[in-house]
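Each chain, letter by letter, is given below.
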Amino acid sequence: MTETEDVPPGVDPATPSPARLYDYFLGGTNYLPVDKRMADRLQVDLPDIVDGIWANRGFHGRAAVWMAQQGIRQFLDIGSGLPTQNNTHEAVQKVAPGARVVYIDNDPMVAAHGNALLAADGTTTVITADVRDPGFLLGHRKLRALIDFAEPTGVLLTAVMHFVPGDADPWGLVARYMAVVAPGSFLALSHGTHDKMPPSMVQAGTDAYANATEQLYVRSKAEIERFFDGLELVPPYEGAQPAVTYVGLWGAEDVDAADSEGSRALFCGVARRP
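Fair warning: this is a prediction, and the values are worked out from it, not measured in the lab.

Draft legend 1. Examining the overall build of the protein chain more closely. Within the protein chain, the secondary structure is distributed over eleven helices and eight strands. Expected size for 274 residues packed as a compact globule is a radius of gyration near 19 Å; at 18 Å, the protein chain falls within 12% of this value. Along the three orthogonal principal directions, the C-alpha set of the protein chain runs to about 45 × 40 × 35 Å. Here the protein chain, with 274 residues, has 52% of them falling under the buried criterion. When contacts within the protein chain are restricted to residue pairs at least 6 apart in sequence, long-range pairs at least 24 apart make up 71% of them. Per element, the accessible surface of the protein chain, about 11,700 Å² overall, is 50% carbon and sulfur. The protein chain carries 21 positive and 34 negative side-chain charges, and their two centres are separated by 5 Å.

Draft legend 2. Quick look at the packing of aromatic side chains. Tallied over the full model, the rule gives eight aromatic pairs. An aromatic cluster is built from Phe59, Trp66, Phe186 and Trp250, whose rings are joined through pairwise contacts. Of note, Arg226 hangs over the ring of Trp171, and the distance from its end group to the ring centre comes to 3.9 Å.

Draft legend 3. Highlighting the side chain of His191. Mapped onto the elements, His191 comes out in strand β5 (residues 186-192). From its side chain, His191 meets the backbone nitrogen of His162 in a polar contact 3.5 Å long. Residues within four places of His191 in sequence aside, it is in contact with Met161, His162, Tyr217, Val218, Arg219, Ile224, Phe227, Ala265, Leu266 and Phe267.

Draft legend 4. Summary view of the pattern of salt bridges. For the structure shown, the criterion picks out seven salt bridges. Between Asp35 and Arg20 there is a salt bridge; the shortest N-O distance is 2.6 Å. Highlighted residues: Asp35 in helix α2 (residues 33-45) and Arg20 in helix α1 (residues 18-25), separated in sequence by 15 residues. The residues Asp35 and Arg20 share a single accessibility class, namely buried. For Glu214, the salt bridge identified is with Arg132, shortest N-O distance 3.1 Å. Taken together, the positions of Glu214 in the loop between α9 (199-209) and α10 (221-225) and Arg132 in the loop between β3 (124-128) and α6 (134-139) put the pair 82 residues apart, joining distant regions of the chain. Relative accessible area serves as the criterion here: at 15%, Glu214 is assigned to the buried category. Overall, Arg132 belongs to the partly exposed group, its relative accessible area being 32%. Within the structure, one salt-bridge network assembled from shared partners comprises Asp130, Arg132 and Glu214.

Draft legend 5. Main features of the environment of Val234. You can see Val234 is positioned in the loop between β6 (232-233) and β7 (245-246). You can call Val234 buried: its relative accessible area is 11%. Residues Val234 and Phe186 lie 48 residues apart in sequence; the distance between their C-alpha atoms is 9.8 Å. Residues within four places of Val234 in sequence aside, it is in contact with Trp66, Phe186, Pro242, Ala243, Trp250, Val270 and Ala271.

Draft legend 6. The layout of surface pockets, seen in detail. In this structure, the second largest pocket occupies an estimated 240 Å³ of space. Considering the residues around the second largest pocket, the lining is formed by 13 residues, among which Trp66, Pro236, Tyr237, Gly251 and Ala252 are closest to the centre. No other element matches helix α3 (residues 49-69), which puts four residues into the lining of the second largest pocket. In the lining of the second largest pocket, the residues fall into eight nonpolar, two polar and three charged.

Draft legend 7. Up close: the nonpolar core. Residues Leu157 and Met161 are the most contacted members of the largest nonpolar core, which totals 37 residues. Taken together, the elements giving at least two residues each to this core come down to β1 (74-78), β2 (100-105), α6, α7 (141-146), β4 (154-158), α8 (170-180), β5 and β8 (266-272). Residue contributions to this core peak at five residues, all from α8. Excluding its chain neighbours within four sequence positions, the residues that come into contact with Met161 are Val131, Pro170, Leu173, Val174, Leu189, His191, Arg219 and Phe227. If you look at the next biggest cluster of nonpolar residues, it comprises 32 residues, including Phe59, Ala64, Ala68 and Trp250.

Draft legend 8. Main features of the environment of Val101. Among the secondary structure elements, Val101 is positioned in strand β2. Of the residues examined, Val101 reaches a relative accessible area of 0% and is grouped as buried. Sequence separation between Val101 and Trp250 is 149 residues, and the spatial gap between their C-alpha atoms is 22 Å. Residues within four places of Val101 in sequence aside, it is in contact with Phe75, Asp77, Thr88, His89, Val92, Thr123, Thr124, Thr125 and Leu146.

What counts as what
Residues numbered from 1 in each chain as written. Predicted model: local features only at pLDDT ≥ 70, side-chain atom pairs only at ≥ 80, totals over all residues. Heavy atoms only, no water. Helix = DSSP H or I, 4+ residues; strand = E, 2+ residues; numbered from the N terminus. Rg over C-alpha atoms; globule rule 2.2 N^0.38 Å. Buried < 20%, exposed > 50% of the residue type's maximum accessible area, 1.4 Å probe, protein only. Contact = heavy atoms within 4.5 Å. Areas by Shrake-Rupley, 256 points an atom, 1.4 Å probe, with all protein chains shown as cover. Lys, Arg positive; Asp, Glu negative; His and termini not counted. Charge placed at Lys NZ, Arg CZ, Asp CG, Glu CD. Phe/Tyr/Trp six-rings, centres within 6.5 Å; stacked < 30°, edge-to-face > 60°. Lys NZ or Arg CZ within 6 Å of the ring centre and 35° of its normal. Polar contact = N/O pair within 3.5 Å; in protein donor to acceptor, adjacent residues only side chain to side chain. Salt bridge = Lys/Arg side-chain N within 4 Å of Asp/Glu carboxyl O. 1 Å grid on protein atoms, 1.4 Å probe; cavity = no way out; pocket = protein on both sides within 12 Å on 5 of 7 lines; lining within 4 Å. Points joined across faces, edges and corners; volume = space filled by probe spheres on them. Nonpolar A, V, L, I, M, F, W, Y, C, P; charged D, E, K, R; others polar. Core = buried A, V, L, I, M, F, W, Y, C linked by side-chain atoms within 4.5 Å.

Put into structure tokens, the structure is as follows:
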């Protein structure tokens, strides 16, 4: 897509966006030249970024399927991004046909290409909303048409809360979402970290996103663990204790093989609301 070709209303073709960057890194086509230029620079400064993004996508899918295996039949995919391979409904409906998924993103490009996320049987919908506005998001008529908050819900917040600054209280936002869903619901969350990362790489990522539609706020493992306060973490893989871990390790069959450099850029966890 060029800077002027098929740019949907509301999209600034001069400013990179996280959703379009993610799409580019995953091999999609719904990005603009400004996104490619930023992505190419990031790959020079952060050679393992593509590995990290694929590791995060793998965690997202494994966590969603695991929730479906536990009996979850409705999902909120908040910060869903653009349509990609093995979208959430495609993954969970292999386990639970008829499972319902609401895709939510604030990027107008997602709304423009949302038809690719719509299942023919009406089990999915796409809404434009911001994670920082839970009142609007949770009250949206299209969400309410598919989600019954009296039943357990799978809440997916993968690689989104690191775009929320500390003064917006990202921990309080997550707590608010989890307070609305029923007991027995699950949260899957992943988040960029600066722990054990070279300071120059952390700075390069922060500087790059300073010129994007959303800025980047990576956090420590301890800060990421706070998102799960009041919830019951589940073991990330067989033989492990309940914990937050790297995105490559959660649900991995071969933990040693999954422990890549790129996957260590994000921590993640899955937890149950008691």
